[in-house]
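Summary of structural features
Now for the letters of each chain:
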Amino acid sequence: MLSVRTALRSTTRIQCLRTVSTWAHVPMGPPDAILGVTEAFKKDTAPHKINLGVGAYRDDKGKPYVLPSVLEAEKRITEKKMDKEYAPITGVASFTKLASQLAYGADSTDLKEGKIAATQSISGTGALRIAGAFYNKFYPNKTIYLPSPSWGNHTPIFKDSGLEVKSYRYYDKENISLDINGMIEDIKAAPEGSIILLHACAHNPTGVDPTEDQWRQISDAVKSRGHFVNFDAAYLGFASGNVDKDAFAIRHFIKEGHRIALCQSFAKNMGLYGERAGAFSVMCDSAEEAKKVDSQIKIIVRAMYSNPPIHGARLVSEVLGDEKLNQQWLGEVKGMADRIISMRTQLKNHLEELGSKHDWSHITSQIGMFCFTGLKPEQVERLMKERSVYLTKDGRISVAGISSDNVKYLAESIHHVTKN
């Protein structure tokens, strides 16, 4: 009888425990700011609504754009009837070679001498995560400095990698420009040998880039403290329409003797958002050193995701590896950049034509997909509520969301909330 009662109590206890979920203690995570903007946009029924939150290129009709060069590359790959075998741990070899040539330059001595260890990654995000893991394992200083502000995912990526994340001054809110003096001062104040992350071009989210002369000053400041630089290059070619111009900072730093690391993405400049094609590379002092670094990157990647997807890498290889297709792509990426630049000019001109008393010159002096408008949170709120124009509360807009059809309405809307 006692054993029956004991069994019943035990069963009751187990049943009570089972009523409490294993994951009941897990808190709700904060919503993504950009996804929240998109959700609000979708719910709005206004016919003239505009979504300026999404960080993806759109054509002048507001539609996703697949580059003709990419479509041709896809056609050729299909015709080759290639297999679907696993890629090596560091990815498709032709991809990493061509991606590196695009950034470092086809004439790079370091590339020719095998001094650069490169791996394919799951787009730019994956490249940054591999970088963080590599630094945490092998770099003596575990602190990385990011510009303030920086891409929203930079901080969680590096914190998740086990690094301490700090910032240096970058954006001057008052003047809507680069705080070059504050930036130099903070870089010089950072402990010797710190990791400094720099956006190679088209700074996200501000669109504010250093001039070539300012890049020289930044290089000198970094060198004076023996810092290590990690470039994040998500927009090569997309910023100005010229790959070589957009790669100026990367190549200047190398020329000045810096041994950099580089994170690349082909989401923006080739429109391969969902293909997740990226690369992480590290400059070394010798080919032997590069082999050792490569071996350790393989160990990191193997534990993370084993090996990368092949389709996006094959597309990039086909586009960059064929001279005719490469020239076509260069024309297409310039066309995307030119459309962005044109929208900036038209928006600024319309605001001036409306009689706005504000200085909107920063709209055209900034570069790339994003623009920090200088709009205050309360003005952003009014834009969304009164004009159905959706953007993040910090006043950042994706210029790719502007078109010939809505640019005038956007200017009128901005003027409406800023004229008083």
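For the structure given in this document, a descriptive report is provided here. Everything numeric here is computed off the predicted structure, so don't read it as measured data.

So, on to the overall build of the protein chain. The helix and strand inventory of the protein chain stands at 17 helices and 13 strands. The C-alpha radius of gyration of the protein chain comes to 24 Å, within 12% of the 22 Å expected for a compact globule of 420 residues. Dimensions of the protein chain, computed from the C-alpha atoms along their principal axes, are close to 95 × 60 × 55 Å. Relative to its full complement of 420 residues, the protein chain shows a buried share of 52%. By sequence separation, contacts in the protein chain at least 24 residues apart represent 76% of the contacts at least 6 residues apart. For the protein chain, the accessible surface area stands at approximately 20,200 Å², while carbon and sulfur atoms represent 53% of it.

Once that is clear, we can look at unusual backbone geometry. Glycine aside, residues mostly have negative phi angles, and peptide bonds mostly take the trans form. For the bond running from Ser148 to Pro149, omega is 5°, close enough to zero to count as cis. Along the chain, Pro149 falls in the loop between β3 (143-148) and α7 (154-160). Looking along the chain, the bond that leaves Asn204 and enters Pro205 is cis, with omega of 25°. With respect to the element layout, Pro205 can be found in the loop between β7 (195-199) and α9 (212-224). Of note, the phi angle at Ser123 is positive, near 60°, even though the residue is not glycine.

A word on helix α4 (residues 93-104). The first and last C-alpha atoms of α4 sit 16 Å apart over 12 residues, in line with the 16 Å expected at 1.5 Å per residue. Here α4 has its buried residues at Phe95, Thr96, Leu98, Ala99, Ser100, Leu102, Ala103 and Tyr104. Where α4 ends, the next residue or the one after it, Gly105, has phi of about 105°, a positive value.

Within the structure shown, the criterion is met by 14 aromatic pairs. Ring geometry for Phe134 against Tyr135: centres 6.4 Å apart, planes inclined by 65°, an arrangement best described as edge-to-face. Neither residue differs from the other here; Phe134 and Tyr135 are each classed as buried. On the numbers, 6.1 Å between centres and 55° between planes, the contact of Tyr235 with Phe238 is tilted. There is no split in this pair, since Tyr235 and Phe238 are both buried. If you follow Lys49 out to its NZ or CZ, it ends over the ring of Phe41, 4.4 Å from the centre.

Thresholds, definitions, all that
Residues numbered from 1 in each chain as written. Predicted model: local features only at pLDDT ≥ 70, side-chain atom pairs only at ≥ 80, totals over all residues. Heavy atoms only, no water. Helix = DSSP H or I, 4+ residues; strand = E, 2+ residues; numbered from the N terminus. Rg over C-alpha atoms; globule rule 2.2 N^0.38 Å. Buried < 20%, exposed > 50% of the residue type's maximum accessible area, 1.4 Å probe, protein only. Contact = heavy atoms within 4.5 Å. Areas by Shrake-Rupley, 256 points an atom, 1.4 Å probe, with all protein chains shown as cover. Expected span 1.5 Å × (residues − 1). Phe/Tyr/Trp six-rings, centres within 6.5 Å; stacked < 30°, edge-to-face > 60°. Lys NZ or Arg CZ within 6 Å of the ring centre and 35° of its normal.

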